[in-house]
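Residues per chain are reported as follows:
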Amino acid sequence: MKTCSKCKIEKNITDFGMHKKALKTYHYKCKICTNIDLKIKDKPILDIVDLPDEIWVEVKGYEGLYEISNMCRIKSLKKVFLSKNKTTNDN
Ligand SMILES: [Zn+2]
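Note that the structure is predicted; figures quoted are calculated from it, not measured. (Residues numbered from 1 in each chain as written. Predicted model: local features only at pLDDT ≥ 70, side-chain atom pairs only at ≥ 80, totals over all residues.)

A. Here's a closer look at the overall build of the protein. Helices and strands together make up the secondary structure of the protein, namely one helix and seven strands. For the protein, the N- to C-terminal ordering of α and β elements is β-β-β-β-α-β-β-β. The buried share among the 91 residues of the protein stands at 12%. For the protein, the proportion of contacts with a sequence separation of at least 24, taken over those separated by at least 6, is 32%. (Helix = DSSP H or I, 4+ residues; strand = E, 2+ residues; numbered from the N terminus. Buried ≥ 20, exposed ≤ 12 C-beta atoms within 10 Å, placed from the backbone. Contact = placed C-beta atoms within 7 Å.)

The following block contains the structure:
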């Protein structure tokens with residue numbers, strides 16, 4: 001068992017992906033969290049239309065920013081730019 005650094009949930013080792021270059025080295029994030037991060041970086045979905053029976057929960061580590069559904073879709077609750085390191089003070 002291994003605890004995911006992101007969702008802090010203890011999971012089976014098979015729930016963690018392995019690094020491609022370093023053999024026998026597992027990601028510190030579980031597959032679900034890795035997938036979430038990839039999706040968020042890729043294109044957060046704005047103004048997503050809920051499907052019937054779709055249930056949304058907050059994404060661990062992104063509370064108030066993103067929600068993930070039971071259908072593995074991710075929506076952005078507000079426009080955020082996590083990847084930008086530029087700090088702009090518009091106060
Ligand atoms: Zn996780």
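B. Examining unusual backbone geometry more closely. Backbone geometry places Lys8, a non-glycine residue, at a positive phi of 60 degrees. Residue placement: Lys8 occurs in the loop between β1 (2-3) and β2 (10-11). When the 10 C-beta atoms within 10 Å are taken as the criterion, Lys8 is described as exposed. Its identity as a non-glycine residue notwithstanding, Asp53 has a phi of 70 degrees, on the positive side. Here Asp53 lies in the loop between α1 (31-42) and β5 (56-58). Under the C-beta neighbour-count criterion, Asp53 is labelled exposed, with 8 such atoms within 10 Å.

C. Molecular detail of the nonpolar core. In terms of nonpolar packing, the biggest core is built from 10 residues, these being Cys4, Cys30, Cys33, Ile36, Ile40, Val59, Tyr62, Tyr66, Ile68 and Ile74. Counting residues per element, the ones that place at least two in this core are α1 and β6 (66-69). Of the residues forming this core, the biggest block, three residues, is contributed by α1. (Core = buried A, V, L, I, M, F, W, Y, C linked by C-beta atoms within 7 Å.)

Any functional reading would require information that these geometric values do not contain.
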